[in-house]
Amino acid sequence: MLKLPLDISTFSVLRKEDYLYVDKTRQAYNLITQGRRYFLSRPRRFGKSLFVSMLKELLEGNKYLFKGLWIENSDFTWKQHGVIVLDMSSMGISDVQSFNEGLSHALQKIAENYDFTIILNAHKPELALKDLVAALYKRFGAVAILIDEYDSPLLHAMHDALRAEAIREAMHRFFATIKGLDAYVNFALITAVSSFTKAGLFSGINNLRVITLDTLYAEICGYTQDEVHHYFSDYVKQWASEHDLAQDTLYAEIKKWYNGYSFGVDTLKVYNPFSFMHALHSRQLKNFWFRTGTPKFLVSELSKEFRVQEYRIFDPETFRASEDLLESFDIGATPLPALMFQSGYLTINAYDPTSHLYQLTYPNIEVQQSMQKYLVAVFADIEVATVEKVSSDLEQALRHEDIGQAVLLLKRLFMHIPYQLHVKEEKFYHALLHMVCNAYGMKIVSEQAISHGRIDLIIALQKLLYVIEIKFNDSPEHALKQIEAMRYYEPFIKDFNRIILLGLSFNRTDKHFDIQYAYHALGS
């Protein structure tokens, strides 16, 4: 089997050193032959940099690297371009000065690789860009500009609005330069995590086509189910054999954990390539993507009091958003659905052609469990490891029917939440409890509809089932009586040996917080 490219995003290295490559050259062909200016947004760790690296080799005419790939047998002309590649995530940009210096240094290195001499002004990299494009056009007659992770400097400065605004202005000047070079630049692609559509950064680039939610390019990054079966069947077969699992069962579990991303209407869902390949390598179903570092701007935003007051953050699957909203991102004014969608924590689940709104959802188990675990940590102002420990201890307490210990664990956890962040509604505590249970992977369902009512929560632990009713500033006995009166447990009697009917009451005043409970056990 070919080596898995776990930490490699350089196309030439993959091809020269026998790493596996999932062929995306058809999408590259379509881009190059059907347009000139593109913008693509995808979550981090989704293969954007590898795609940019592949485009570089394609536009430079390095045909030998594409042997056996789709494009080798196409009518692609292999016209050689002078290619400028700028990775803004690797320049160490923290302010306007480092932005200008970083770009100037990168442009100088590119010029040296082509044996050009250009005049550098460390304060005006756009002048170096003009000189470099002119020299490349004179030699090749065609120039391509590929800018990867353009938003990285802005995202790192989001905590400082003034600094972020200054960087944005510098960026605008740089991008506006490309407009004056339109006659020389045959192809341009800009990639990012976020869009910053309100920022006016790209107003100077003619006809920039945004393909983020373009159905034709929905599979440009990430792996489809067919690609998983075609390229990775031997790896899955080996994993299944070593762990004595049926291959179909393993495929289904891998799909639940890492598939589910959708970037358009009625498009195939794709896998997060980073997590998927790390799962194949380690032969474990666990979180990989989330642990590689949550973006600081997301941490900052979700920690803000007004974000918490938008209690829908606990139930993001209720989000509905227009395409314009999903593609919007601006300093200090980003809608929560856009923030979570562009970061990869939510994806498109459905589209309503009447209202022109997208419905969002968690893409898969990896993201759902990790995000909810992280949200609890943010709101309770504790470490994620503490949430993991509490969730594990809670599962053990529930499994052993130690209701007192389970409630004590919840009380200790929720007491950490600052008073001003508490929402004085039942659904707030309902959502928190759901997230704590889900963080450990417990099988939990909220708002379970049955023929004669709707149950707040059910938690299934093998043959033991918890039927839970939640109240706020009310008695737990009232909650328990509601379960008994509505006979919420009836549909589950045949499937569970033992059922615990549990009434929980969350009581909160300015100076006091408590959780009280009442329960009744059914079965042996």
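Residues numbered from 1 in each chain as written. Predicted model: local features only at pLDDT ≥ 70, side-chain atom pairs only at ≥ 80, totals over all residues. Heavy atoms only, no water.

I keep staring at the pattern of salt bridges and nothing clicks. Help me out?
Where side chains of opposite charge bring their charged atoms close, a pairing between them can arise. Within this structure, the stated rule accounts for 19 salt bridges. Residue Arg163 is joined to Asp160 by a salt bridge in which the shortest nitrogen-to-oxygen separation is 3.7 Å. Judged by relative accessible area, which is 33%, Arg163 ranks as partly exposed. Judged by relative accessible area, Asp160 falls into the partly exposed class, the value being 26%. As a salt-bridge pair, Glu242 and Arg283 come within 3.4 Å of each other at their nearest N and O atoms. Of this pair, Glu242 sits in helix α8 (residues 225-242) while Arg283 sits in the loop between α10 (273-282) and α11 (296-302), and the two are 41 residues apart along the sequence. Three or more residues are tied together by salt bridges with common partners; here these are Arg36, Arg37 and Asp182. (Salt bridge = Lys/Arg side-chain N within 4 Å of Asp/Glu carboxyl O. Buried < 20%, exposed > 50% of the residue type's maximum accessible area, 1.4 Å probe, protein only. Helix = DSSP H or I, 4+ residues; strand = E, 2+ residues; numbered from the N terminus.)

I would appreciate a short explanation of the sheet that holds strand β13 (residues 513-523) in the present structure.
As a general point, the strands of a sheet are linked pairwise by backbone hydrogen bonds and lie either parallel or antiparallel. As summarised here, the arrangement of the five strands in space is β9-β10-β11-β12-β13, forming an open sheet in which the pairing is mixed. Taken across any chain shown, the strands that pair with only one partner, and hence form the sheet edges, are β9 (443-450) and β13. Across the sheet, the mean angle separating the axes of adjacent strands is 25° when strand polarity is ignored. Sheet topology note: the strand β10 (residues 453-461)/strand β11 (residues 464-472) ladder contains five bridges and is antiparallel. Residue pairing in the sheet places Ile458 in a bridge with Val467 of β11. Against the sheet, helix α18 (residues 426-439) engages β9, β10, β11, β12 (498-508) and β13, with an angle of about 135° to β9. Where helix α19 (residues 476-486) meets the sheet, it contacts β11, β12 and β13, and its direction lies at approximately 145° from that of β12. (Pairing = 2+ DSSP bridges. Axes fitted to C-alpha atoms, helices over the stretch in contact; angles between N-to-C directions. Contact = heavy atoms within 4.5 Å.)

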